[in-house]
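Analysis of the macromolecular model
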Amino acid sequence: MNNIVAIVGRPNVGKSTLFNRLIQRREAIVDSVSGVTRDRNYGKSEWNGKEFSVIDTGGYVRGSDDVFEGEIRKQVELAIDEADVIIFVVDVEEGITPMDDAVARLLRKVTKPVLLAVNKVDNAMREKDAIEFYNLGLGEYYTFASISGSGTGDLLDALIDAFPVKPEPTQEEVVLPRFAVVGRPNAGKSSFINALIGKDRYIVTDIAGTTRDSIDTKFDRFGFEFNLVDTAGIRRKAKVKEDLEFYSVMRSVRAIEHADICILIIDATRGFEGQDQSIFWLAEKNRKGVVILVNKWDLVEKETMSTRDYEAKIREELMPFTDVPILFVSALTKQRLLKALETTVKVFENRQQRIATSKFNEFMLKVIEAYPPPATKGKYVKIKYCMQLPTPTPQFVFFANMPQYVKEPYKRYLENKIRENWDFSGVPIDIYIREK
């Protein structure tokens, strides 16, 4: 599982610029959340062969000076709670401010690695000015300029060195699939997990030490055996009066990266909100299987077409990835919980599915012959061979004479044909066009 890096600091010091530079430094490693209603705050980056997730804690502070400091404190505490390494960004132009002091006081108490990053240092004079940041009591600092990128290499080298050494998973953890229960607070995750576990506590064993503040529960009932990754303890820290939207994304990052399938629980009484979309796209971008459970369905006033209309609205929000199971359940009455488990197991099997190359070619070449890629500039694209790649998630490659002329709409056509003939419900598919 990837390490998580949190970028903290007061507003307007360049946190978001650093965040954007980290996730967009090379096109191949950009993996930002799409479909969210506010600015992105999660992405993936890579340096020296090490992949890591980056979270920007900026953009959540508002209100008067008193509230201002309180909001900063919440975000920094949340970042400290979830991240493996913290980058504390300050501004050399303004020097040490009272808000920097407040953040530094919090960071001095933690045992996690904290990298003090002094931004806007783009000349020798400012390099000298940065010395004052020793007064924050956080030890060595790193100077950089987030706009030009100078100095970020040294910062990233230090970041990689600061990552904790994570234990190798045991054989049991490798074999058993992991199903993560994710969703915004108060959607019913705790109730769902408790309903699954039931009173037969003897079938539950806790596997400790897998991820911080997360417990894998080995589930073995009704013929199913898997590890249930519980994120229901989302509000366990009483002292954190958190920004729920930010916190649910942050906890979901950990759970999703640590899972094979994500069970996204939404509150039927609230609908499919922006935060639910955000968590869904986190799972999709990480190429995880997804099952959507509309919980508290017993509380909704129903008409003849209630489920159909409700499901149609959700699928409209999920465009273009609409091949996702959506079930209407109630953790309180245990309505359709067994069906939800069966569906989740089926999605896991779909994700593991391997199609024989001969069968794949036999079907797909006929499909391509019936509707070949559109000609571009008088150039006709010919696809003569295709296969599934031996990767952990479903990926397919099509060999063409001129792959550069195969556009996204035709890739979606190929994906739709694959889904029509083979069951990949709930699983993201990657389509590659390569030169033969």
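Read on for a plain summary of the structure. (Residues numbered from 1 in each chain as written. Predicted model: local features only at pLDDT ≥ 70, side-chain atom pairs only at ≥ 80, totals over all residues. Heavy atoms only, no water.)

So, on to the nonpolar core. Counting residues in each nonpolar core, the largest one holds 52 residues, and the members touching the most others are F88, L107, F280, I292, V294 and I314. If one sorts the elements of this core by residue count, helix α9 (residues 274–285) sits on top with five residues. The residues touching I292, leaving out its near neighbours within four places in the chain, are L264, I266, F280, I314, L318, V324, P325, I326 and L327. Core analysis: the next-biggest nonpolar cluster, separate from the first, contains 27 residues, V181, L196, I197 and I261 among them. (Core = buried A, V, L, I, M, F, W, Y, C linked by side-chain atoms within 4.5 Å. Buried < 20%, exposed > 50% of the residue type's maximum accessible area, 1.4 Å probe, protein only. Helix = DSSP H or I, 4+ residues; strand = E, 2+ residues; numbered from the N terminus. Contact = heavy atoms within 4.5 Å.)

So, about unusual backbone geometry. M319 connects to P320 through a cis peptide bond whose omega is 5°. Along the chain, P320 turns up in the loop between α10 (306–318) and β13 (326–328). Positive phi, normally seen in glycine, also occurs at K120, with a value near 70°. Mapped onto the elements of the fold, K120 is located in the loop between β5 (114–119) and α4 (124–129). The backbone of R287 sits at a positive phi, close to 60°, despite the residue not being glycine. Considering the arrangement of structural elements, one finds R287 in the loop between α9 and β12 (289–295). Here R287 falls in the buried class, since its relative accessible area comes to 18%.

This paragraph deals with the sheet that holds strand β14 (residues 383–388). Consider a sheet: its strands pair through backbone hydrogen bonds, and that pairing is either parallel or antiparallel. As summarised here, the arrangement of the three strands in space is β14-β15-β16, forming an open sheet in which the pairing is mixed. Looking at the sheet topology across the chains shown, the edges are occupied by β14 and β16 (430–435). With direction set aside, neighbouring strand axes in the sheet form an average angle of 20°. Relative to β16, strand β15 (residues 395–400) runs parallel, the two being bridged by six bridges. In the sheet register, V397 faces β16, and the bridge partner there is Y432. (Pairing = 2+ DSSP bridges. Axes fitted to C-alpha atoms, helices over the stretch in contact; angles between N-to-C directions.)

With 14 residues, helix α13 (residues 408–421) ought to run about 20 Å at 1.5 Å a step, and its terminal C-alpha atoms sit 20 Å apart, in line with that. Those residues of α13 not exposed but buried are Y410, K411, Y413, L414, E415, I418 and R419. Here the buried face of α13 lies against α12 (357–370), β14, β15 and β16. (Expected span 1.5 Å × (residues − 1).)

Here N295 lies in strand β12. By relative accessible area, N295 is classed as buried at 4%. There is a polar contact of 3.0 Å between the side chain of N295 and the backbone nitrogen of A331. Excluding residues that lie within four positions of it along the chain, N295 makes contacts with A187, G188, I265, I266, D267, A268, V329, S330 and A331. (Polar contact = N/O pair within 3.5 Å; in protein donor to acceptor, adjacent residues only side chain to side chain.)

What follows is about the environment of D267. Of note, D267 is situated in strand β11 (residues 261–267). Classification of D267 by relative accessible area gives buried; the value is 6%. The spacing of D267 and L293 is 26 residues in sequence and 8.7 Å in space, taken between C-alpha atoms. Those residues in contact with D267 that lie beyond four places of it in its chain are N186, A187, N295, K296 and Y310. A polar atom in the side chain of D267 sits 2.5 Å from the side chain of T269.

The geometry of α12 relative to α13 is characterised by a closest axis approach of 11 Å and an angle of 135° between their N-to-C directions. With respect to their mutual orientation, α12 and α13 come out oblique. Relative to α13, the crossing made by α12 is right-handed. Along its contact with α12, which presents F360, F363, M364, V367 and I368, the element α13 presents Y410, Y413, L414, K417, I418 and N421. Looking at the contact of α12 with α13 residue by residue, the classes come out as nine nonpolar, one polar and one charged. (Parallel < 35°, antiparallel > 145°, perpendicular 65-115°, else oblique. Left-handed = near helix turned anticlockwise from the far one by under 90°. Nonpolar A, V, L, I, M, F, W, Y, C, P; charged D, E, K, R; others polar.)

To continue, consider the pattern of salt bridges. Scanning all chains against the criterion turns up 15 salt bridges. The salt bridge partner of D267 is K296, with a shortest N-O separation of 3.1 Å. Remark: K296 occurs in the loop between β12 and α10 and D267 occurs in strand β11; sequence separation between them is 29 residues. Of the charged contacts, one joins E415 and R419 as a salt bridge, the two residues approaching to 3.0 Å between their closest N and O atoms. Residue E415 and its partner R419 are located together in helix α13, separated by four residues, close to a single helical turn. Via salt bridges that share partners, E93, D122 and R126 belong to a single interconnected network. (Salt bridge = Lys/Arg side-chain N within 4 Å of Asp/Glu carboxyl O.)

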